[in-house]
Amino acid sequence: MAPWNAATPGDAIADIDTPALILDLDAFERNLERMAQAVKGRNVRLRPHAKSHKCPEIALRQIALGAVGICCQKVSEAAVFVDAGVRDILITNEIVGAAKIRHLMELAAKAAIGVLVDHPSQVHELARAALQADTPLDVYIEVDVGAHRCGVRPGEDAVHLADLISASPPLRFAGLHCYHGSAQHLRQPQDRAAAIAGAAALSLMTKQDIEARGIAVDIVTGAGTGSFIHERDSGVYNELQPGSYVFMDRDYGDNQRGEGDVAFEHALFVLTTVMSGPAAERAVVDAGLKASSVDSGMPTVWQRPDLHYLKASDKHGVLKTDAGAALALGEKLMLVPGHCDPTVNLYDTLICVRDGKVEALWPVAARGAVL
Ligand code: PLP
Ligand code: MN
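Residues numbered from 1 in each chain as written. Chains lettered and ligands numbered in written order. Predicted model: local features only at pLDDT ≥ 70, side-chain atom pairs only at ≥ 80, totals over all residues. Heavy atoms only, no water.

- The name an unreviewed UniProt entry gives the protein chain is DSD1 family PLP-dependent enzyme, with Noviherbaspirillum cavernae as the organism.
- Here is the UniProt Sequence similarities (unreviewed entry) comment for the protein chain, exactly as written: "Belongs to the DSD1 family." (UniProt positions renumbered as here; feature names shortened; annotations may be inferred.)

Given below as structure tokens:
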């Protein structure tokens, strides 16, 4: 059987088979442009996180608009982007284990690659591999500036690691990774500002402690879509890693926007079809949790405040319909996913639309790259 595509360029949006992942190109391009403007002339560089889109077409557009490169979360994800021609990638993770480090060094032979460490044994393993491959590798110390995920404590522990990396050529100590993930979805703008003020203070203290040893700290990198204006304006961070801004999702849409926050638009949707209407106040669509990730809550129905996505099972989405809501079997609806990154990872293809038509199909080439 020939591959069954949800759409072909030139199709009307109404004819796209569902469930399907839709990119509104006009909104997407405005998001890229707004981010480029937001960092222009600010003494910070942009290194967007590609785990959100996993799509080389998007990474190359971000770089064309001024990004210095991209972030990836996984070595196998980075491999897809190196193959597509991206030449500068920061893997924002600790890389542990012989197989991963072997692949990492293969990538470092083809592109500028950076990785994170938060323990001396990672430095030893990386140094051994880099020496054997005779390949330089940028190493960043991950500092826990409030998210309590990975990362050494600010201050002394980071200084020890900086000493060790500096004494381990061909590793190159590149700087500090100070991402404050849990600040991103604080709903109130003043809470996000306060969280990043704290993160920036810890980052600065750590930077100064390392510099006091005579070791240069070239880069302080971090930030996501929710908080990046604060890292940008901190005077401490000089590289930003937002990812979700290209798409926006319901969870980011629920953040209250404050002064200076950039108005990004929803550009990513899941197109779905009403397949059953068993009761007056209920309808069922063909997009469940295998079509729209629900880890950050349910999707909303785009421009239909009279419809409420109540619950998702594998392949069904149950909507509550307000009294008087007109809804026909076979009708197509656009969902705004709760969380963009894992939703994109459910699809092979982004169906790019403009003016009511399918304009392009972009492969989600790094889909499922979990190693
Ligand atoms: N940097 C790191 C290390 C991350 O883990 C993430 C996302 O979780 C980001 C940047 C980008 O965040 P967002 O997609 O919320 O903009
Ligand atoms: Mn995310």
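### Description of the site of ligand 1
- As a matter of local geometry, ligand 1 sits amid 16 residues, with K51, T225, Q241, S244 and Y252 nearest to it.
- At a separation of 2.7 Å, an oxygen atom of ligand 1 approaches a polar side-chain atom of T225.
- Within the side chain of Y252, one N or O atom sits 2.5 Å away from an oxygen atom of ligand 1.
- Protein contact buries 92% of the 390 Å² of open area that ligand 1 shows by itself.
- A molecule is said to occupy a pocket when more than half its atoms come within 2 Å of that pocket's grid points, and by this definition ligand 1 occupies the largest pocket.
- For the shell around ligand 1, a count of residues per class yields four nonpolar, 10 polar and two charged. (Near = heavy atom within 4 Å. Polar contact = N/O pair within 3.5 Å; in protein donor to acceptor, adjacent residues only side chain to side chain. Areas by Shrake-Rupley, 256 points an atom, 1.4 Å probe, with all protein chains shown as cover. 1 Å grid on protein atoms, 1.4 Å probe; cavity = no way out; pocket = protein on both sides within 12 Å on 5 of 7 lines; lining within 4 Å. Sits in = over half its atoms within 2 Å of the grid points. Nonpolar A, V, L, I, M, F, W, Y, C, P; charged D, E, K, R; others polar.)

### Side note on the pattern of salt bridges
- For the coordinates displayed, the defined rule picks out 27 salt bridges.
- Salt-bridge contacts for D138 lead to R172; the nearest nitrogen and oxygen are separated by 2.8 Å. Note that D138 is positioned in strand β6 (residues 137–142) and R172 in strand β7 (residues 171–177), a separation of 34 residues in sequence.
- Overall, R172 belongs to the partly exposed group, its relative accessible area being 39%.
- Across the pair D254 and R250 runs a salt bridge, and its minimum N-O distance is 3.0 Å.
- A single network of salt bridges, built from pairs that share partners, joins D26, E29, R354 and E359. (Salt bridge = Lys/Arg side-chain N within 4 Å of Asp/Glu carboxyl O. Helix = DSSP H or I, 4+ residues; strand = E, 2+ residues; numbered from the N terminus. Buried < 20%, exposed > 50% of the residue type's maximum accessible area, 1.4 Å probe, protein only.)

### Observations concerning the domain arrangement of the protein chain
- Each assigned domain of the protein chain is listed here: domain 1 (13–22 + 264–363) and domain 2 (42–248).
- Among the residues domain 1 hides against domain 2, the three largest losses belong to F264, D341 and W362. Together they make up 46% of the total.
- Along the contact surface separating domain 1 from domain 2 lie one salt bridge.
- Put simply, D341 and K51 hold a salt bridge, and the shortest N to O gap is 3.1 Å.
- Remark: the boundary between domain 1 and domain 2 carries three residue pairs in polar contact (both at pLDDT 80 or more).
- Among the secondary structure elements, those contributing two or more residues to the side of domain 1 that touches domain 2 are α10 (340–344) and β17 (357–363).
- Tallying contributions element by element places α10 first for the side of domain 1 that touches domain 2, with three residues.
- Grouping the constituent residues of the side of domain 1 that touches domain 2 by class yields eight nonpolar, two polar and two charged. (Domains from an automatic or database assignment. Buried area = accessible area lost by both parts, 1.4 Å probe.)

### Topic: the packing of aromatic side chains
- Summed over the entire model, instances satisfying the criterion amount to four aromatic pairs.
- Ring geometry for F228 versus F264: centroids 6.1 Å apart, planes at 45°, classification tilted. Residue F228 is located in helix α8 (residues 228–232), and its partner F264 is located in the loop between α9 (250–253) and β10 (268–279); the two are separated by 36 residues in the primary sequence.
- Among the aromatic residues, ring-to-ring pairing joins F228, Y245 and F264 into one connected group. (Phe/Tyr/Trp six-rings, centres within 6.5 Å; stacked < 30°, edge-to-face > 60°.)

### Quick word on the environment of D233
- Within the element layout of this structure, D233 appears in the loop between α8 and β9 (239–240).
- For D233, a relative accessible area of 48% corresponds to the partly exposed category.
- For the pair D233 and A6, spaced 227 residues apart in sequence, the C-alpha to C-alpha distance is 43 Å.

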